[in-house]
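Read off the chains here:
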Amino acid sequence: MDVAIIGIGLHRFGRSPELSGMQQGAAAVRAALADAGLTWKDMQFAYGGSQDAGNADALTNELGLTGLQFTNIWNGCATGGSSLHAACSAIKSGEYDIGVVVGFDKHPRGAFNPQPSEWGLDEWYGETGMMLTTQFFALKTQRYMHDHGITEDALIRVSEKAFLNGSLTPTAWRQQPLSYDEIANSAMVSDPLRKYMFCSPAEGGAALIVCSPEKARQLTSKPLFIKAAAVRTRHYGSFEVFAPSQAMDVADAPTVTASKAAFELAGIGPEDVDVMQLQDTDSGTEIIHMAENGFCEHGEQEKLLREGATGIHGRLPINTDGGCLANGEPVGASGLRQVYEICVQLRGEGGARQVPNQPRVGYTHVYGAPGLSGVNIITK
Amino acid sequence: MTQQIPIHEGLFSWPASKPQLLGSRCRHCAEAAFPAQPDCRSCGSRETDIVELGDRGTLWTWTIQTFMPKQPYHSDETEQTFTPYGVGYVEMPGGVRVESRLQQNTPEQLQIGMPMQLQIVPFRNHEDGSQLMTFCFTAVEE
Ligand SMILES: [Zn+2]
């Protein structure tokens, strides 16, 4: 059984000093309700989460104490994906037929500073300077480039595309395109990744109204359908963040297993996807995720990027709203921003960033510490 | 002379004429881990032994930490005195890749596949006046 998306809402990403993270979440829910032509009282359940902006169920103080079932979800970068997965299960089970999924966040400026004890590690690991996600993504990208013949040119082109797409997206944080040379000459942060190749912690909110297909037929003429929602964690041997050691035999990443599971659920393959959102914590991971999600062979990215295949008018349009690189990373909201953007594209409402030829199948992918991934496949 | 103590017990054999990294190996599937784990992440067995992982390996991947990390990083450095450091995974003869600080800190000095030697080095001064020692790897001639 499919689950329908009948309302989408976003509070702009970036910095909103006048608003709390919670208020940005509430704004996204109000926008999604307005988009669906519904009110908060129509919602039977809610799933939502944030990392640093409070318990999602406190949103009821803003939106109304209607007594609905509200479950807080916290699952790192897969918080949005896990909320959506839970909502789909609630509808498929038949217990409910309409509800809301919401993610929001507001992080302090600067890099995240995770604590070893929260990740099952001893203090020395953090004290000696190895507890940084930026290092991990650099280490993984460095090895990937070595194994698959990827050069710095590809890293630069990913960022160039991200900031161009961001400049076409009114809700994106980064509104200015950056030239190839500006990116290539930006400061080296963690070899091989430079300043403009990393996303930054940010703020924002995103929400979706989901319901059963029957309900969707009564309520809207333009429903979209979730064909698959899959969340997977790491296997022994996959190369993950915050790992003092790694096994010699490298296993498939959780992205690979989540992606395969989602394609199997949807009964389609990567070649059927018209537009995709892939986690781009940095330009290296977008390149790796292109192959891990099955959209190309390992090593093929260099050529695809040089040809512009991943641009809005290319044959593999990736991160049409500028992705995390141009929107920043409010952890609780990012995954649902991806779904929001895919819905915009499938509805044909992308304006200056609209993918041509009426895309019919969209794909979203998140990846985060300590090795989990969430994939959704959405169709008209 | 300042007393030197390891930053954490059980990471390496030291003091010793040839210090070794210490890890664990599963009695059932033989997979190794660093630091030593009481449980095996590969097969789930609870029977592991402490083993020496060696003192030489090859560099599997690397990066350079160019800015001073926020807490939990805890060194004696200030923003002014911070020195960039290398970080990498070193493939050990004990059958595991270990993440470590590297003595080399420029791209010209680092290359995947190069041989690396374990060193036990001072990291920072402890509040009680002793010196905390940690492990790192340095590039060596073949
Ligand atoms: Zn075992």
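Residues numbered from 1 in each chain as written. Chains lettered and ligands numbered in written order. Predicted model: local features only at pLDDT ≥ 70, side-chain atom pairs only at ≥ 80, totals over all residues. Heavy atoms only, no water.

Trainee: Could you clarify how one ought to interpret the side chain of Gln 246 of chain A in this entry?
Mentor: You can see Gln 246 of chain A is positioned in strand β9 (residues 245-246). The class of Gln 246 of chain A is buried, set by a relative accessible area of 6%. There is a polar contact of 3.5 Å between the side chain of Gln 246 of chain A and the backbone oxygen of Glu 240 of chain A. If near-sequence neighbours (up to four positions away) are discounted, Gln 246 of chain A is found in contact with Ser 238, Phe 239 and Glu 240 of chain A together with Tyr 89, Val 96 and Arg 97 of chain B. (Helix = DSSP H or I, 4+ residues; strand = E, 2+ residues; numbered from the N terminus. Buried < 20%, exposed > 50% of the residue type's maximum accessible area, 1.4 Å probe, protein only. Polar contact = N/O pair within 3.5 Å; in protein donor to acceptor, adjacent residues only side chain to side chain. Contact = heavy atoms within 4.5 Å.)

Trainee: Looking at this structure, I do not really get the interface of chain B and chain A. What am I missing?
Mentor: A common way to state how big an interface is: give the accessible area lost once the parts meet. On the side of chain A, 37 residues touch chain B, which itself brings 42 residues to the contact. In total, about 3500 Å² of surface goes out of reach between chain B and chain A, with carbon and sulfur atoms giving 59% of it. By the criterion of area lost to chain A, the three top residues of chain B are Trp 60, Pro 72 and Arg 97 of chain B, representing 17% of everything that side buries. One can count one salt bridge joining chain B with chain A. Note that Arg 124 of chain B is salt-bridged to Glu 127 of chain A, the shortest N-O span being 3.0 Å. Viewed at the interface, chain A and chain B are joined by 26 residue pairs in polar contact (both at pLDDT 80 or more). (Buried area = accessible area lost by both parts, 1.4 Å probe. Salt bridge = Lys/Arg side-chain N within 4 Å of Asp/Glu carboxyl O.)

Trainee: What is the right way to look at the sheet that holds strand β3 (residues 32-33) of chain B in this model?
Mentor: Two modes of strand pairing occur in sheets, parallel and antiparallel, and in both the strands are linked by backbone hydrogen bonds. All names here are of chain B. On the basis of which strands lie adjacent, the open sheet formed by three strands has the order β3-β2-β4 and antiparallel pairing. Sheet topology places β3 and β4 (48-54) at the edges, where each strand pairs with a single neighbour. Examined bridge by bridge, strand β2 (residues 21-26) and β3 share two bridges and lie antiparallel to one another. Counted as the bridge partner of Arg 25 is Ala 32 from β3. (Pairing = 2+ DSSP bridges.)

Trainee: What should I look at first to understand the coordination of the zinc ion in this one?
Mentor: Metal coordination angles have textbook ideals: 109.5 degrees for a tetrahedral set of four donors and 90 or 180 degrees for an octahedral set of six. All names here are of chain B. Taken together, the protein donors to the zinc ion comprise Cys 26 (SG), Cys 29 (SG), Cys 40 (SG) and Cys 43 (SG), at separations of 2.3 Å. What the four donor atoms of the zinc ion show is an angle range of 102 to 119° at the metal, which sorts the shape as tetrahedral. Along the chain, the residues donating to the zinc ion fall in the pattern C-x2-C-x10-C-x2-C. One end of the pair, Cys 29, is in the loop between β2 and β3; the other, Cys 43, is in the loop between β3 and β4, with 14 residues separating them in the sequence. (Donors = N, O, S within 2.8 Å, 3.2 Å for Na, K, Ca; no water. Tetrahedral: all angles 85-135°; square planar, octahedral: opposite > 155°, others 65-115°.)

Trainee: For this particular structure, what's the right way to read the confidence of the model for chain B?
Mentor: If pLDDT is low for a region, its predicted coordinates should not be looked at in detail. Averaged over every residue, the pLDDT of chain B is 96; residues scoring 70 or more account for 99%. The ipTM assigned to the predicted complex is 0.97, against a pTM of 0.95. (pLDDT = per-residue confidence, 0-100.)

Trainee: What am I meant to see in the packing of helix α3 (residues 79-92) of chain A against helix α13 (residues 331-347) of chain A here?
Mentor: Any two packed helices are characterised by the angle at which their axes cross and by the distance between the axes. One way to put it is that α3 of chain A packs onto α13 of chain A with a least axis distance of 6 Å and a crossing angle of 65°. Taking contact as the criterion, the partners of Thr 79, Gly 80 and Leu 84 of chain A in α3 of chain A are, on α13 of chain A, Gly 332, Leu 336 and Val 339 of chain A. (Axes fitted to C-alpha atoms, helices over the stretch in contact; angles between N-to-C directions.)

Trainee: Hey, could you run me through the packing of helix α6 (residues 152-167) of chain A against helix α10 (residues 283-292) of chain A in this one?
Mentor: All names here are of chain A. In contact at an axis separation of 8 Å, α6 and α10 are set at 100° when each is read in the N-to-C sense. Taken together, α6 and α10 sit at an angle that is classed as roughly perpendicular. Facing α6, whose interface residues are Ala 154, Leu 155, Val 158, Ser 159 and Lys 161, α10 presents Ser 283, Gly 284, Glu 286 and Ile 287. For the contact of α6 with α10, the class distribution of residues is four nonpolar, three polar and two charged. (Parallel < 35°, antiparallel > 145°, perpendicular 65-115°, else oblique. Nonpolar A, V, L, I, M, F, W, Y, C, P; charged D, E, K, R; others polar.)

Trainee: Explain the pairing of strand β4 (residues 98-106) of chain A here, please?
Mentor: Strand residues, when the strand is regular, have side chains that alternate between the two faces of the sheet. Residue and element names in this part refer to chain A. The element β4 is extensively covered by neighbouring structure, given that eight of its nine residues are classed as buried. Alignment of strand β2 (residues 45-49) against β4, held across five bridges, turns out to be parallel. When the sheet's bridge partners are listed, Phe 45 is paired in β4 with Gly 99. One ladder, built from nine bridges, connects β4 with strand β7 (residues 203-211); its direction is antiparallel. When the sheet's bridge partners are listed, Asp 105 is paired in β7 with Gly 204.

Trainee: Explain the side chain of Gln 65 of chain B here, please?
Mentor: When you line up the elements, Gln 65 of chain B lands in strand β5 (residues 56-65). Side-chain polar atoms of Gln 65 of chain B contact the side chain of Gln 135 of chain A, separated by 3.0 Å. A distance of 2.9 Å separates a polar side-chain atom of Gln 65 of chain B from the backbone oxygen of Phe 67 of chain B. Excluding residues that lie within four positions of it along the chain, Gln 65 of chain B makes contacts with Leu 132, Gln 135 and Ser 190 of chain A together with Phe 82, Pro 84 and Tyr 85 of chain B.

Trainee: Hey, could you run me through the packing of aromatic side chains in this one?
Mentor: Any two aromatic rings considered together are summarised by their centre-to-centre distance and by the angle between their planes. Counted according to the given criterion, the structure contains 19 aromatic pairs over all chains. On the numbers, 5.3 Å between centres and 25° between planes, the contact of Phe 263 of chain A with Tyr 363 of chain A is stacked. One end of the pair, Phe 263 of chain A, is in helix α9 (residues 254-266); the other, Tyr 363 of chain A, is in strand β11 (residues 361-368), and 100 residues separate them in sequence. One aromatic cluster is present, built from ring pairs that chain together Trp 124 and Tyr 125 of chain A together with Phe 12, Phe 34 and Phe 135 of chain B. Directly above the ring of Trp 173 of chain A sits Arg 174 of chain A, whose terminal nitrogen or CZ lies 3.8 Å from the centroid. The ring of Tyr 85 of chain B is capped by Arg 101 of chain B, whose NZ or CZ atom sits 3.8 Å from the centre of that ring. (Phe/Tyr/Trp six-rings, centres within 6.5 Å; stacked < 30°, edge-to-face > 60°. Lys NZ or Arg CZ within 6 Å of the ring centre and 35° of its normal.)

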